[in-house]
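A closer look at the structure
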Amino acid sequence: MAYEGVSNYCHSAYDWSVADGNPDIMTLEMGEETDSTYQVVFRSYTGALVYFHVDKASGTTKMVEYVPALDIQSDAGTINLIDYI
């Protein structure tokens, strides 16, 4: 459900049309899992990564954006994953 909700959010929040000809330039994959959270990682065609930390109990999801080329990390807000299931 974490992957499905984040996928639905990403498809509504980001423009995926740039990946029509090459779908591999934008990806979504499961990351690390702890006892209390799932991590889902979105990679944009720009190379930026958005880490979604999904609380298993509540569905509250913290987003952290990371730009590897510039080594910049920033808080990107929160969403309620239940809104995207």
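Data block above holds the structure.
Keep in mind that this is a model prediction, so the values were computed, not measured.

Helix and strand counts for the protein stand at one helix and five strands. Seen in sequence order, the protein has helices and strands lined up from the N terminus as α-β-β-β-β-β. Over its C-alpha trace the protein gives a radius of gyration of 13 Å, about what one expects of a compact globule, namely 12 Å for 85 residues. Residues counted as buried form 31% of the 85 residues belonging to the protein. For the protein, the proportion of contacts with a sequence separation of at least 24, taken over those separated by at least 6, is 23%. As displayed, the protein has an accessible area near 5300 Å², and 49% of this comes from carbon and sulfur atoms.

In this structure, V6, C10, F42 and F52 are the most contacted members of the largest nonpolar core, which totals 16 residues. Looking at this core, the elements that each hand over two or more residues are helix 1 (2-13), strand 2 (37-43) and strand 3 (49-55). Examining the composition of this core, we find that four residues originate from one element, helix 1, more than from any other. For C10, the residues in contact, after removing those within four places along its chain, are W16, L28, F42 and F52.

If you trace the backbone, I82 turns up in the segment after strand 5 (72-80). For the pair I82 and T61, spaced 21 residues apart in the sequence, the C-alpha separation amounts to 9.6 Å.

On to the sheet that holds strand 4 (residues 60-67). Taken in spatial order, the five strands make up an open sheet running 1-2-3-4-5, and their pairing is antiparallel. The open sheet is flanked by strand 1 (27-33) and strand 5, the only strands paired with a single partner. Direction aside, the axes of adjacent strands within the sheet are offset by 25° on average. Of the strands in this sheet, strand 1, strand 2, strand 3, strand 4 and strand 5 are in contact with helix 1, which crosses strand 1 at around 140°.

Conventions adopted
Residues numbered from 1 in each chain as written. Predicted model: local features only at pLDDT ≥ 70, side-chain atom pairs only at ≥ 80, totals over all residues. Heavy atoms only, no water. Helix = DSSP H or I, 4+ residues; strand = E, 2+ residues; numbered from the N terminus. Rg over C-alpha atoms; globule rule 2.2 N^0.38 Å. Buried < 20%, exposed > 50% of the residue type's maximum accessible area, 1.4 Å probe, protein only. Contact = heavy atoms within 4.5 Å. Areas by Shrake-Rupley, 256 points an atom, 1.4 Å probe, with all protein chains shown as cover. Core = buried A, V, L, I, M, F, W, Y, C linked by side-chain atoms within 4.5 Å. Pairing = 2+ DSSP bridges. Axes fitted to C-alpha atoms, helices over the stretch in contact; angles between N-to-C directions.

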